[in-house]
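The residues making up each chain are set out below.
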Amino acid sequence: MQNVYHKIICLSLLIAISKSLFSQIPQTEITNGIISARIYLPDAVRGYYRGTRFDWSGINSEIKYGGHSFSGQWFEKYDPLLHDAVMGPVEAFSPLGYEEASVGGHFITIGVGSLEKQDSSAYSPYRYYKIINSGIRKTEIKNNRVLFSQVLQDSGYSYEYKKTETLTKRKSRMVLMHKLKNTGHRVIETMVYDHNFFLIDSQQTGPPLELIFSFPLKEKKEGQGLGDMISIKGNRMIVNRSFKKNEQAYTLLEGFGLTAKDYDIRLENHKTGAGIHITANRPLSKLVFWACSTVLC
């Protein structure tokens, strides 16, 4: 009996230490009275995410609306340098200058900074690259809005980047707005990739979840899990069964046009009644579906 009591004390101590560590991470909360969001703020020393794949601006650890939750830790292992230790809607920019950089030289990822090219292998978003210069960052916080800014001065690419996350007043809407100004002498040509790690009501990926598009889907014959775990029916992606731990499904999708009207996607949970409607004012250039046992993106 004494041993059991001792174990309970140790477990409580571990939980308390864990909560204390996360409380030290720079963060803020915003609300419009309808939606609330807890956002981890960029910080090169204490930030929740310090990896080199995703933009550090706007890691939403919590998004709540109407008694439902839409974000949270969906991955089992946490490490601040892990490439996908992020939550909520996050963005990644394709790298600048990687191919022409020599080994030991540097390249740029917007939202992260200047990174060191470690060897002659092809760029991989799943690797961690040493950060040489993360630029000058500022954060401005209001009740319903956070403005992130990053200024990077480099011998090749230089820029001023701003991202604003706003909870629209009197509406159940979150808006992400970006501004990028080239302040260097080299042309900036990049792609920005929005990966929607929405975790709806902490539900496991299974038949209650469905993705609905505004156009008939055309599947590219590559990927995994299609037919078994996921089916495509017209403009919908149906989850056939619950995902087991470590199972994944993914594929490239086509069928969208050249205008922004096809950037219109709904993610619905028919069990809890929660859903998300995703739109943009720019057209899609590439569409990738990916799912694991906790999130469907």
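Notes on the structure follow.

Rules behind the numbers
Residues numbered from 1 in each chain as written. Predicted model: local features only at pLDDT ≥ 70, side-chain atom pairs only at ≥ 80, totals over all residues. Heavy atoms only, no water. 1 Å grid on protein atoms, 1.4 Å probe; cavity = no way out; pocket = protein on both sides within 12 Å on 5 of 7 lines; lining within 4 Å. Points joined across faces, edges and corners; volume = space filled by probe spheres on them. Nonpolar A, V, L, I, M, F, W, Y, C, P; charged D, E, K, R; others polar. Helix = DSSP H or I, 4+ residues; strand = E, 2+ residues; numbered from the N terminus. Buried < 20%, exposed > 50% of the residue type's maximum accessible area, 1.4 Å probe, protein only. Contact = heavy atoms within 4.5 Å. Pairing = 2+ DSSP bridges. Phe/Tyr/Trp six-rings, centres within 6.5 Å; stacked < 30°, edge-to-face > 60°. Lys NZ or Arg CZ within 6 Å of the ring centre and 35° of its normal. Salt bridge = Lys/Arg side-chain N within 4 Å of Asp/Glu carboxyl O.

## A look at empty space enclosed by the protein
To find leftover empty space, a probe the size of one water molecule is rolled over the atoms. As enumerated under the stated definition, the model contains one cavity of 30 Å³ or more in all. In this model, the largest cavity occupies a volume close to 50 Å³. Around the largest cavity sit Phe 198, Leu 199, Ile 200, Gln 203, Leu 209, Leu 267, Thr 294, Val 295 and Leu 296, which together line it. Tallied by class, residues from the lining of the largest cavity come to seven nonpolar, two polar and no charged.

## Some thoughts on the side chain of Ser 293
Mapping Ser 293 onto the fold places it in the segment after β21 (287-291). For Ser 293, a relative accessible area of 17% translates into the label buried. When near neighbours in sequence (up to four residues on either side) are disregarded, Ser 293 contacts Gln 204, Thr 205, Phe 243, Lys 244, Lys 245 and Glu 247.

## So, the pairing of strand β11 (residues 159-167)
Looking down a regular strand, the side chains alternate between one sheet face and the other. Of the pairings in the sheet, the one linking strand β10 (residues 145-152) to β11 comprises eight bridges and is antiparallel in character. What sits directly across from Gln 150, in β11, is Tyr 161. Between β11 and strand β12 (residues 174-182), which pair antiparallel one after the other, the connecting turn spans six residues, and Arg 170 there sits at a positive phi close to 65 degrees.

## Section: the packing of aromatic side chains
With the rule as written, the count across this model stands at 17 aromatic pairs. The interplanar angle of 80 degrees and the centroid separation of 5.9 Å between the aromatic rings of Phe 54 and Phe 197 together place this pair among those described as edge-to-face. You can see Phe 54 sitting in the loop between β2 (35-40) and β3 (59-65) and its partner Phe 197 sitting in strand β13 (residues 192-197), a full 143 residues away along the chain. You can call Phe 54 buried: its relative accessible area is 0%. Under the relative-accessibility criterion, Phe 197 is labelled buried at 1%. For the ring pair Trp 74 and Phe 75, a centre distance of 5.3 Å and an interplane angle of 90 degrees mean the geometry is edge-to-face. One aromatic cluster in this structure is built from Tyr 49, Phe 54, Trp 74, Phe 75, Phe 197 and Trp 290. The ring centre of Tyr 98 lies 4.6 Å from the NZ or CZ of Lys 117, which sits over that ring.

## Things to note about the pattern of salt bridges
Taken as a whole, this structure holds 10 salt bridges when the rule is applied. Sharing partners across several salt bridges, the network here consists of Glu 29, Arg 38 and Glu 62.

## Remarks on the sheet that holds strand β1 (residues 27-31)
On the basis of which strands lie adjacent, the open sheet formed by four strands has the order β1-β2-β3-β4 and antiparallel pairing. The open sheet is flanked by β1 and β4 (68-69), the only strands paired with a single partner. When β3 meets β4, the two strands line up antiparallel, connected through two bridges. In the sheet register, Tyr 65 faces β4, and the bridge partner there is His 68.

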